[in-house]
Structures are given as C-alpha cells and as structure tokens.
Amino acid sequence: MKAKHTRGQRGLVEAELVHASLLEVERGGLEGFGLRCAARAIGCDVATLSYHFGSKEGLKRAIADRLQSEVAAPKPHSTWQTRLTAMARSYRQIAKRYPNAFPLLLRFWSTGPGEMQICEEWYRAHFDAGLRETDIPAVGFATYAAILGVCAGEIGGLLNKPSAEALSEVEGQSDLPLTKKLLPAFTRLSEDEVFDAAIDILISGIESQVAKQSSRKQKPRVRRTKSH
C-alpha cells in the first residue's frame, strides 16, 4: 500500500517527514519525542512539522499510519482463517522491525487511510467467518487488540524465558503447586509457540461464536399455551 505523497511548505514531502520521524522514534524512543525533537533530527524547523501535522499527536498518528501501511494485504481468495493469520503475522513483523514505534498502534482508534484499509480486510475476515454484522465490531476489536497485545508483549520482554531470580521466587512459594509444576515448560517455551497459540485461540473463538449463533437460529421456538 503506497503512502500518499503531498508537498507542502518548502516543498517537503509529507511521507518523507513521517519516515524520518519514524526513524527518530526508533533511535531515541517515544519518551521525550515531539515536534522539536523530530525537527532537529530531520533538519527542518518546528513550523514545518506543525504545518503538515498540526501537533505532536498529529505526527505520532501519522507515524502509526505509516506502520499500518506495511501490513501486507491478504490474498482475497484464501480462507478467512488464512487471511486473519496473515495479517496477524504482518503485525508481528512490524513489531519486531519497529519496536519503539509499535506501541503507537495501540493508542489511536484510527490512524488514517492506511489502517482503514486493513480494518476493512480484518472485518471482512470476521464477516466471511459467518459472524453477524452486529457482532463484528466487538469481536473484531477484541481479536485486533489481542494480536497487538501479544506483539507488544513479545517486543517488550513479557514472553522472555523466566530468569533464575524469577524461578527462585516461584520455588520459594509454598502455595503455587501448579505453577511450580509448569516451570519446566515455561523455560522451554518459545515466542513462536505463544504467538501460534494466540492465533489458534482467536480463530477457535470466532468459530465458536458463529456456532452459537447458528444453534440459536436452529433452536425451535416453544409455543406457550394459555393456562386456565
């Protein structure tokens, strides 16, 4: 998906400003990032960035939309499960490529044109699964947030293997019998296993929701008789 190139003040291309700002976030992180910081790194003045994006939040939203543009569009004729999985894996790749900027995707209801197209594909997969249109917003949001959360957890260190100190703390507790029993599995667990499990659970959950809808439709209505 190509980014829109619009020229504004001093002939600077907006997409180039966004890309340069993204690189600055990856270099220095989101903490302390703002128009002044970005302008200094890019080599332009703050007024130029204000002209294009209006504010620090506007620039961050544009960076988030730039990340969304890297989500690979799924093959249209594949199954809904395959399409949903492909998009989820795209988000994981983006998280690994841009770990400092990735949290911006969890910040905005909509980042712009880049996300809208992906949202359309995401909702379409849920629709093709058989979900009612009235259920798609809630289920779609839940599955989307879950995938972003797993990605954020992976790059943030949540899925790292437990340290020797953490293992020692668990072993020192007397009221954690199941957790102690599971410790060997945690030490062998890979990030790929966790991500694959998350996708399987999401797909199974959608299929279960569709099955519930179907059973409610097929359930015969009981005719009530008047009592005398």
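Placed above this text is the structure.
Residues numbered from 1 in each chain as written. Predicted model: local features only at pLDDT ≥ 70, side-chain atom pairs only at ≥ 80, totals over all residues. Heavy atoms only, no water.

Below, the discussion takes up the overall build of the protein chain. Within the protein chain, the secondary structure is distributed over ten helices and zero strands. The secondary structure elements of the protein chain, listed N-terminal to C-terminal, are α-α-α-α-α-α-α-α-α-α. The proportion of buried residues among the 228 residues of the protein chain is 37%. Put simply, 70% of the contacts in the protein chain that link residues at least 6 apart link residues at least 24 apart. Just so you have it, the protein chain exposes about 13900 Å², and 54% of that area is on carbon and sulfur atoms. (Helix = DSSP H or I, 4+ residues; strand = E, 2+ residues; numbered from the N terminus. Buried < 20%, exposed > 50% of the residue type's maximum accessible area, 1.4 Å probe, protein only. Contact = heavy atoms within 4.5 Å. Areas by Shrake-Rupley, 256 points an atom, 1.4 Å probe, with all protein chains shown as cover.)

Turning our attention to the nonpolar core. By size, the foremost hydrophobic cluster in this structure holds 50 residues, and its most contacted members are Leu-49, Ile-63, Tyr-91, Phe-102, Ile-147 and Ile-206. When residues of this core are traced back to their parent elements, those giving at least two are α1 (14-28), α2 (35-42), α3 (46-53), α4 (56-68), α5 (80-97), α6 (113-129), α7 (136-156) and α10 (191-218). (Core = buried A, V, L, I, M, F, W, Y, C linked by side-chain atoms within 4.5 Å.)

Attention shifts here to α6. One full turn of an α-helix is made of 3.6 residues, so residues set three or four places apart face in the same direction. The end-to-end C-alpha separation of α6 is 25 Å, in line with the 24 Å expected for 17 residues at 1.5 Å each. All of the buried residues along α6 are Gly-114, Glu-115, Ile-118, Cys-119, Trp-122, Ala-125, His-126 and Ala-129. Angularly, the buried residues of α6 cover 120° about the axis, an arc narrow enough to put them on a single face. Of the residues one or two after α6, Gly-130 is the one with positive phi, at around 110°. (Expected span 1.5 Å × (residues − 1). Arc of directions from axis to C-beta.)

What follows is about the pattern of salt bridges. Overall, the coordinates contain ten salt bridges when judged by the stated rule. For the salt bridge of Arg-89 with Asp-196, the shortest nitrogen-to-oxygen distance reads 2.9 Å. Residue Arg-89 is found in helix α5, and its partner Asp-196 is found in helix α10; the two are separated by 107 residues along the sequence. For Asp-196, a relative accessible area of 31% puts it in the partly exposed group. The salt bridge involving Glu-154 is made with Lys-96; its shortest N-O contact spans 3.5 Å. Of this pair, Glu-154 sits in helix α7 while Lys-96 sits in helix α5, and the two are 58 residues apart along the sequence. With relative accessibility at 6%, the residue Glu-154 sits in the buried group. A residue is classified by how much of its surface remains accessible, and Lys-96, at 48% relative accessible area, is partly exposed. (Salt bridge = Lys/Arg side-chain N within 4 Å of Asp/Glu carboxyl O.)

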